[in-house]
Amino acid sequence: MPVVNVSLGERSYPIVVGTGIFSQIGAALDGVGFPRRVGIVTNPTVGELYGEVLVDALVSEGRQVSVVQVPDGEQYKTLTTLESLYDAFIEWNFDRHCGLLALGGGVIGDLTGFAAATFLRGIPFAQVPTTLLAQVDSSVGGKTGVNHPLGKNLIGAFYQPRYVHIDVDTLKTLPSREYVAGLAEVVKYGVIHDAGFFAWLENNSTALAERDVEALQHAVMVSCQIKANVVESDENEQGLRAILNYGHTFGHAVETLAGYGVIRHGEAVAIGMVLAARASERLGLCGKDDVARLLALLECLALPVTPPAFSPEEYLAVMRHDKKVKDGAIRLVLNHGIGSADLHRVDKPEQLLSHLFA
């Protein structure tokens, strides 16, 4: 099974990527010394599809397994849902020698990771992502947390998983809209870090749109490797890691204003990338051709590119709560052409946004 290693000293872990490997997770967890008593956190949709398979794979390796389900959707990534997880762990009599498995998409991964980071001041967890967005982004790198009504992911912790198990076969059951939304994060990696990968995406957009297994496995592997490289250089987002938020400052504002769950995270990121690229062009960091290539690829993948009709003032009010704000100043990740990006302070955000939303 192809492996991407995230090298973080004592917090290092493997990301295994393959097809038809779901049932092999028990042996893989043994390989990283994962606890024998585990709790699976999932939602009803994913639980019905893969819950029994995962439980059987774990029990066959001699593990004790408990399962808890939380409602499906971004609107449930809250402190209230988190408290319900703590209730379950306490009822199970979980101790520090137990571990958690996040079975699902980004919401499940973020919730489970934050619960693991904070329950008994920290217990091990592993990611079993079943959505494209989670496989290429949220399951890797140790960002965990929940949303607040005033902003996305404002409450959380950096807490690395012990292991990540990615079976791209799970993407076959993903609803079309959810699958397409995940492609936005794949495109992001090409824009911020790898011009060659961006060109590969342009040449293989049809295969990806049709969920070709070989194309998907390659896209997931490259995306995970890029993210692993960035996280290794800047685990706690003090510098370089901020580039992984390309499109996210605008995107999180889109999600917050529209209402969590109305616009998918990946859809919002696609819109945010277009706005960021146009801001980059406005500031002389990229050319019109770069913006046109990004637009064309996103549209080819059936991703949205037009922001919902809120005022520049409404967008700016939400963006001021972004985690990259420093000393009251908004900072945006802006692309330098295709294949590179950096964090930039925006001194006159009102002026920039009035142009972008004109």
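Attention in this report is confined to the structure presented alongside it. (Residues numbered from 1 in each chain as written. Predicted model: local features only at pLDDT ≥ 70, side-chain atom pairs only at ≥ 80, totals over all residues. Heavy atoms only, no water.)

1. Details of helix H12 (residues 288-300)
Where we set the bar: Helix and strand definitions follow DSSP, with helices as H or I runs of at least four residues and strands as E runs of at least two, each counted in order from the N terminus. Under the convention used throughout, the expected extent of a helix is 1.5 Å for every residue step, that is, one less than its residue count. Relative accessibility thresholds used throughout: buried, under 20% of the residue-type maximum; exposed, over 50%; partly exposed, between the two (1.4 Å probe, protein chains only). In this context, the arc is that of the directions from the helix axis out to the C-beta atoms. For this analysis, residues touch if any pair of their heavy atoms sits within 4.5 Å.
Here H12 spans 18 Å end to end across 13 residues, near enough to the 18 Å set by a 1.5 Å rise per residue. Within H12 the residues assigned to the buried category are Asp290, Val291, Leu294, Leu295, Leu297 and Leu298. Burial along H12 is one-sided: seen end-on, the buried residues are contained in an arc of 165°. Projecting away from the buried face of H12 at angles above 90 degrees are the exposed residues Lys288 and Asp289. In the core, the buried residues of H12 are packed alongside helix H6 (176-193), helix H7 (195-203), helix H8 (205-209) and helix H11 (265-282). A positive phi of about 70° marks alanine 302, the residue just after H12.

2. Focus on the pattern of salt bridges
The cut-off we apply is this: Any carboxyl oxygen of Asp or Glu within 4 Å of a side-chain nitrogen of Lys or Arg constitutes a salt bridge here.
Within this structure, the stated rule accounts for 16 salt bridges. For the salt bridge of lysine 188 with aspartate 137, the shortest nitrogen-to-oxygen distance reads 3.3 Å. Highlighted residues: lysine 188 in helix H6 and aspartate 137 in helix H5 (residues 132-138), separated in sequence by 51 residues. Summarising the burial analysis for this pair, lysine 188 and aspartate 137 share the class buried. Linking aspartate 322 and lysine 324 is a salt bridge whose minimum nitrogen-to-oxygen distance equals 2.9 Å. In the salt-bridge network here, residues are joined through shared partners; they are Asp137, Glu185, Lys188 and Lys227.

3. Details of the layout of surface pockets
Using the following cut-off: With a 1 Å grid spanning the protein atoms alone, the term cavity applies to any set of points in which a 1.4 Å probe fits but cannot get out, the term pocket to an open set with protein on both sides within 12 Å along at least five of seven lines, and the term lining residue to any residue with an atom within 4 Å of a point. Grid points are joined across faces, edges and corners, and a volume is the space filled by probe spheres set on the points. Under the convention adopted here, Pro, Cys and the residues Ala, Val, Leu, Ile, Met, Phe, Trp and Tyr are nonpolar, Asp, Glu, Lys and Arg are charged, and Gly plus all remaining residues are polar.
Approximately 230 Å³ is the volume attributed to the second largest pocket. In this structure, the second largest pocket is lined by 13 residues; those nearest its centre are Arg11, Tyr159, Gln160, Pro161 and Arg162. Among the residues forming the lining of the second largest pocket, the class breakdown is six nonpolar, three polar and four charged.

4. Concerning empty space enclosed by the protein
Scanning the model with the defined rule gives two cavities of 30 Å³ or more in all. One number sums up the size of the largest cavity: a volume of about 80 Å³. Listing elements by their share of the lining of the largest cavity, those giving two or more residues are strand E8 (151-158), helix H10 (248-258) and helix H13 (312-319). Per-element accounting of the lining of the largest cavity gives the leading share, four residues, to H10. Across the lining of the largest cavity, the residue classes tally to four nonpolar, five polar and three charged.

5. Details of the side chain of threonine 256
Going by this rule: Pairing of N or O atoms within 3.5 Å defines a polar contact, subject to two protein rules: one partner must be a possible hydrogen donor and the other a possible acceptor, and residues neighboring in sequence count only if both atoms are side-chain atoms.
Along the chain, the position of threonine 256 falls in helix H10. At a separation of 2.9 Å, a polar atom in the side chain of threonine 256 contacts the main-chain carbonyl oxygen of histidine 252. Those residues in contact with threonine 256 that lie beyond four places of it in its chain are Pro149, Gly151, Lys152 and Val318.

6. Quick look at the sheet that holds strand E1 (residues 3-6)
To be explicit about the condition: At least two DSSP bridges between two strands are required for those strands to pair. Between the N-to-C directions of two axes lies an angle of 0 to 180 degrees, each axis being a line fitted to C-alpha atoms and, for a helix, fitted only over the stretch in contact.
Spatially, seven strands are ordered E1-E2-E9-E6-E5-E3-E4 in an open sheet, and the strand pairing comes out mixed. Where the open sheet ends on each side, the last strands, each with one partner, are E1 and strand E4 (64-69). Strand-to-strand, the axes of this sheet are offset by a mean angle of 15°, without reference to chain direction. Direction of pairing for strand E2 (residues 13-18) relative to strand E9 (residues 163-167): parallel, over a ladder of four bridges. Residue pairing across strands places valine 17 opposite isoleucine 166, the latter belonging to E9. Relative to the sheet, helix H2 (residues 44-59) contacts strand E3 (37-42), E4 and strand E5 (98-104), its axis offset from that of E5 by approximately 140°.

7. Details of H2
Helical geometry note: an α-helix holds 3.6 residues per turn, so side chains three or four residues apart project in the same direction. Rules: What the bend at a residue measures is the angle between two axes, fitted to the seven residues ending there and to the seven starting there.
Along H2, the largest kink reaches about 55° and is centred on tyrosine 50. Turning to H2, its buried residues number three or more, namely Val46, Gly47, Tyr50, Gly51, Leu54, Ala57 and Leu58. Its buried side turned inward, H2 meets helix H1 (25-31), E3, E4 and E5. The N-cap of H2, judged by a side-chain oxygen 3.0 Å from the amide nitrogen of threonine 45 a few residues on, is asparagine 43.

8. Details of the packing of H7 against H12
Stated precisely, the cut-off is as follows: Oblique is the label for any angle not under 35 degrees, not over 145, and not in the 65 to 115 range, which are roughly parallel, roughly antiparallel and roughly perpendicular in turn. The hand of a helix crossing depends on one turn: near helix anticlockwise from the far one by less than a right angle means left-handed, and clockwise means right-handed.
The geometry of H7 relative to H12 is characterised by a closest axis approach of 10 Å and an angle of 45° between their N-to-C directions. Put simply, H7 runs oblique to H12. For the element pair H7 and H12, the recorded crossing hand is left-handed. For the pair H7 and H12, the contacting residues are Phe198, Ala199, Leu201 and Glu202 in the first and Arg293, Leu294 and Leu297 in the second.

9. Things to note about the nonpolar core
Selection rule: We call a set of buried residues a nonpolar core when its members are Ala, Val, Leu, Ile, Met, Phe, Trp, Tyr or Cys and they connect through side-chain atoms within 4.5 Å of each other.
Residues Ile15, Tyr179, Val187, Tyr246, Leu294 and Leu298 are the most contacted members of the largest nonpolar core, which totals 78 residues. Residues within four places of isoleucine 15 in sequence aside, it is in contact with Pro2, Val3, Val4, Val6, Val140, Val164, Ile166 and Cys224. In terms of nonpolar packing, the next biggest core, distinct from the first, is built from 22 residues, Cys98, Ala102, Val107 and Phe119 among them.

10. Brief notes about the side chain of lysine 227
Of note, lysine 227 is situated in helix H9 (residues 213-233). Judged by its relative accessible area of 6%, lysine 227 falls in the buried class. Leaving out residues up to four positions away in the same chain, lysine 227 has contacts with Val136, Asp137, Ser138, Val140, Gly141, Tyr189, Arg241 and Leu244.

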